[in-house]
Amino acid sequence: VHYLDQANHHRIPDGWVAKQQNGLQVSVGQNLTGVDFTFERGGIVKGTIIDENGKPRQFGVFAMSPEYVEFRNGIAGNPPDFSIWGPDDGTYEMRLPVGRYKLRLGIGPDNPEQWVDIIEGEVTKANFQVDVKSRTKTIGGNMCGQEEDD
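Note that the structure is predicted; figures quoted are calculated from it, not measured.

Trainee: Sorry, what's going on with the overall build of the protein chain here?
Mentor: When you go through the protein chain residue by residue, the secondary structure sums to two helices and 13 strands. Contacts in the protein chain between residues at least 24 apart in sequence constitute 54% of all its contacts with a sequence separation of at least 6. A total accessible area of about 10100 Å² is found for the protein chain, and carbon and sulfur atoms account for 48% of it.

What follows is the structure, given as structure tokens:
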């Protein structure tokens, strides 16, 4: 989330993160006006996502608070607290409020995950390696879920 400052520059103040706004949806390229955001102190989590051969992979990264994990994890219709779709170079960066989060790649129950602690004003590194070959197979150029034994 970015905001326009007095000079109409898009930026988030250093060390701050926009507080989550439930029910707010913005499309890529859409300008949204008339919404006030509250900022809170936060930090950054960033890292790389590679496959078993060291090749960069593009995945969605989900950040879930302990409360989400305990009460809502795995229940259909409950989106994670925060999410981002990383670029195809295998990197990702997400600003989060201070606290503890479980990071998970994608939505599958067997996808790699790890806990991280976000500290005010600091960058936390969290790298992932995913075994793509054992999880999926390609048919006609499309990913088709779990690979099965023939």
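Trainee: Sorry, what's going on with a nonpolar patch on the surface here?
Mentor: Residues Leu 24, Val 26 and Leu 32 make up a contiguous nonpolar surface patch of roughly 220 Å² in combined accessible area. Structurally, Val 26 is set in the loop between β3 (16-18) and β4 (39-51).

Trainee: Got a minute to help me understand the environment of Met 64 in this structure?
Mentor: With respect to the element layout, Met 64 can be found in strand β5 (residues 60-64). A relative accessible area of 2% places Met 64 in the buried class. As for Met 64 and Asp 81, which are separated by 17 residues in sequence, their C-alpha atoms are 5.2 Å apart.

Trainee: Sorry if this is basic, but what is going on with the packing of aromatic side chains here?
Mentor: The description of an aromatic ring pair rests on the distance of the ring centres and on the angle between the ring planes. Applying the stated criterion to the full structure yields one aromatic pair. Summarising the aromatic geometry, the rings of Tyr 92 and Phe 128 are spaced 6.4 Å apart at their centres and angled 50° between planes, so their arrangement reads as tilted. On the criterion of sequence distance, the pair formed by Tyr 92 in strand β7 (residues 91-97) and Phe 128 in strand β11 (residues 128-130) is long-range, its members being 36 residues apart. Phe 128 gets classed as buried once you look at its relative accessible area, which sits at 5%.

Trainee: Is there a simple way to explain the environment of Glu 93 in this structure?
Mentor: Mapped onto the secondary structure, Glu 93 falls in strand β7. Residue classification places Glu 93 among the partly exposed positions, given a relative accessible area of 42%. Apart from residues lying up to four places away in sequence, Glu 93 is in contact with Ile 44, Val 45, Lys 46 and Ile 84.

Trainee: Hey, could you run me through the sheet that holds strand β9 (residues 113-118) in this one?
Mentor: Paired through their backbone hydrogen bonds, the strands of a sheet run either parallel or antiparallel. The four strands lie next to each other as β6-β5-β8-β9, forming an open sheet whose pairing is antiparallel. Bordering the open sheet on either side are β6 (82-85) and β9, each of which pairs with just one other strand. Going from strand to strand, the sheet's axes swing by 25° on average, the running direction of each strand aside. Sheet topology places strand β8 (residues 99-105) next to β9; six bridges connect them, and they run antiparallel. When the sheet's bridge partners are listed, Arg 100 is paired in β9 with Asp 117.

The rules we used
- Residues numbered from 1 in each chain as written.
- Predicted model: local features only at pLDDT ≥ 70, side-chain atom pairs only at ≥ 80, totals over all residues.
- Heavy atoms only, no water.
- Helix = DSSP H or I, 4+ residues; strand = E, 2+ residues; numbered from the N terminus.
- Contact = heavy atoms within 4.5 Å.
- Areas by Shrake-Rupley, 256 points an atom, 1.4 Å probe, with all protein chains shown as cover.
- Patch = residues over 30% accessible without salt bridge, like charges linked within 9 Å, V, L, I, M, F, W, Y side chains within 5 Å.
- Salt bridge = Lys/Arg side-chain N within 4 Å of Asp/Glu carboxyl O.
- Buried < 20%, exposed > 50% of the residue type's maximum accessible area, 1.4 Å probe, protein only.
- Phe/Tyr/Trp six-rings, centres within 6.5 Å; stacked < 30°, edge-to-face > 60°.
- Pairing = 2+ DSSP bridges.
- Axes fitted to C-alpha atoms, helices over the stretch in contact; angles between N-to-C directions.

Purely geometric stuff here, so don't read any function into it on its own.
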